[in-house]
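# Overview (structure and organization)
What follows is each chain in one-letter form.
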Amino acid sequence: MSEAAFLSALADTVFFWAALVFMVAATAAGLGAIRMALKGEAVTSLMGVSAFTTVAGVSLYLISLPELFNVGFARDTAIALLVVGSVGTILFARLFRTGEKS
Amino acid sequence: MIAEIFTVVYAAAVFAYVSWNIKKGSFVVDPSKLVLYLFAAFLIIVGALYFMGNELESTVLAVMKIGAAGILFAGVPPMIAATIGLFRFGDEYGSNIFYVRNHIAGVIDTVSSLVMIFAGILILRIDLVAVGFFFFLFVPFTGGALANAYYYVNQRRSEK
């Protein structure tokens, strides 16, 4: 194997394992977020769901990368989760606040 | 085999450095200097590999991908710390524990968006950078809106 091919293979291996380890850590954080969403009251549940949406979105985006598993449709799901998740959290937080006032 | 050994050593080094930062509570090396050091290391490594006879473009791309792997490894210790925090702080700490959990959720959001931005830059994926940056803009508003909602809900409840 030439030096260039070895360097490219080394970079691919390191990136693959790094993304995999990050996804495992993110999954653990997602489990904590699910626990928070299921145990807490309304606003805490909203926060847990928001954190889980983030973790799921980033993991799906990493899965969609051609350097990893190249699952193309996961990219659209990830973008939807990340964008709609954060916007929805802000909207529902406003609703909780105004709902309690009325 | 050499690639796997390099991966383990590289991951251990990055984990140790990030954990040292977390334990200290501030930056061990100032970020503005750290970026310059990392850029200097990048130039030295690429230059050395180029003068050893490698093609410049493939060398730069490979070294940048290894850097992106470092960014992903650097995101792991904060995620583990956030996981421990989410399981550790239960309801027995009172109603204000919500703000601690909100901070932990903010750590998860911030780490995720920063990993997307910097890893996207280093593997030349502009869509990843764009989504990460868009998400990064929303992180403080999300945390603020949640804390605001909880404050007013809790206040109304205590007035009843």
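Below is a short write-up of the structure. (Residues numbered from 1 in each chain as written. Chains lettered and ligands numbered in written order. Predicted model: local features only at pLDDT ≥ 70, side-chain atom pairs only at ≥ 80, totals over all residues. Heavy atoms only, no water.)

### Considering the overall build of chain B
A count of helices and strands for chain B gives six helices and zero strands. Going from the N terminus to the C terminus, chain B shows its helices and strands as α-α-α-α-α-α. Against the compact-globule benchmark of 15 Å for 160 residues, chain B has a radius of gyration of 20 Å, which places it well outside the compact range. For chain B, the spread of C-alpha atoms along the three principal axes comes to 75 × 30 × 30 Å. Among the 160 residues that make up chain B, the fraction classed as buried is 39%. Sequence separation of 24 or more characterises 58% of the internal contacts of chain B that already satisfy a separation of 6 or more. (Helix = DSSP H or I, 4+ residues; strand = E, 2+ residues; numbered from the N terminus. Rg over C-alpha atoms; globule rule 2.2 N^0.38 Å. Buried < 20%, exposed > 50% of the residue type's maximum accessible area, 1.4 Å probe, protein only. Contact = heavy atoms within 4.5 Å.)

### Some points on the interface of chain B and chain A
The interface is formed by 55 residues belonging to chain B together with 54 residues belonging to chain A. In total, chain B and chain A occlude about 5000 Å² of area from one another, counting both sides; carbon and sulfur atoms represent 77% of this. At the boundary of chain B with chain A, the tally comes to two salt bridges. Between Asp 127 of chain B and Arg 75 of chain A there is a salt bridge, and its shortest N-O distance comes to 2.8 Å. Here chain B is connected to chain A by six residue pairs in polar contact (both at pLDDT 80 or more). Of all the secondary-structure elements, those providing two or more residues to the side of chain B that touches chain A are helix 1 (2-24), helix 3 (56-74), helix 4 (76-88), helix 5 (97-122) and helix 6 (126-159) of chain B. No other element matches the 17 residues that helix 6 of chain B contributes to the side of chain B that touches chain A. (Buried area = accessible area lost by both parts, 1.4 Å probe. Salt bridge = Lys/Arg side-chain N within 4 Å of Asp/Glu carboxyl O. Polar contact = N/O pair within 3.5 Å; in protein donor to acceptor, adjacent residues only side chain to side chain.)

### What to know about the nonpolar core
Residues Phe 15, Phe 22 and Leu 62 of chain A together with Leu 72, Met 79 and Ile 108 of chain B are the most contacted members of the largest nonpolar core, which totals 66 residues. Here the element with the most residues in this core is helix 1 (residues 3-39) of chain A; it accounts for 14 residues. When we break this core down by domain, the ones giving at least three residues each are domain 1 (1-74) and domain 2 (76-160) of chain B. Contacts of Phe 22 of chain A, omitting those with residues within four sequence positions, involve Val 58 and Leu 62 of chain A together with Leu 72, Gly 75, Val 76, Met 79, Val 111 and Val 115 of chain B. (Core = buried A, V, L, I, M, F, W, Y, C linked by side-chain atoms within 4.5 Å. Domains from an automatic or database assignment.)

### Describing helix 3 of chain B
For helix 3 of chain B, which comprises 19 residues, the first-to-last C-alpha distance of 27 Å matches the rise-based estimate of 27 Å (1.5 Å per residue) to within 8%. Looking only at helix 3 of chain B, the buried set comprises Thr 59, Ala 62, Val 63, Met 64, Lys 65, Ile 66, Ala 68, Ala 69, Gly 70, Leu 72 and Phe 73 of chain B. In this structure, the buried side of helix 3 of chain B is in contact with helix 1 and helix 2 (42-64) of chain A together with helix 1, helix 2 (31-51), helix 4 and helix 5 of chain B. (Expected span 1.5 Å × (residues − 1).)

### Looking at the packing of helix 1 of chain B against helix 3 of chain B
In a packed pair of helices, the relevant descriptors are the angle between the two axes and the axis-to-axis distance. Residue and element names in this part refer to chain B. Packing of helix 1 against helix 3 brings their axes to within 9 Å, and their N-to-C directions diverge by 50°. Judged by the angle between their axes, helix 1 and helix 3 are oblique. Here the hand of the crossing between helix 1 and helix 3 comes out right-handed. Between helix 1 and helix 3, the contacting residues are Phe 6, Thr 7, Tyr 10, Ala 11, Val 14, Phe 15 and Val 18 on the first element and Ile 66, Gly 67, Ala 69, Gly 70, Phe 73 and Ala 74 on the second. Taken together, the residues that form the contact of helix 1 with helix 3 break down as ten nonpolar, three polar and no charged. (Axes fitted to C-alpha atoms, helices over the stretch in contact; angles between N-to-C directions. Parallel < 35°, antiparallel > 145°, perpendicular 65-115°, else oblique. Left-handed = near helix turned anticlockwise from the far one by under 90°. Nonpolar A, V, L, I, M, F, W, Y, C, P; charged D, E, K, R; others polar.)

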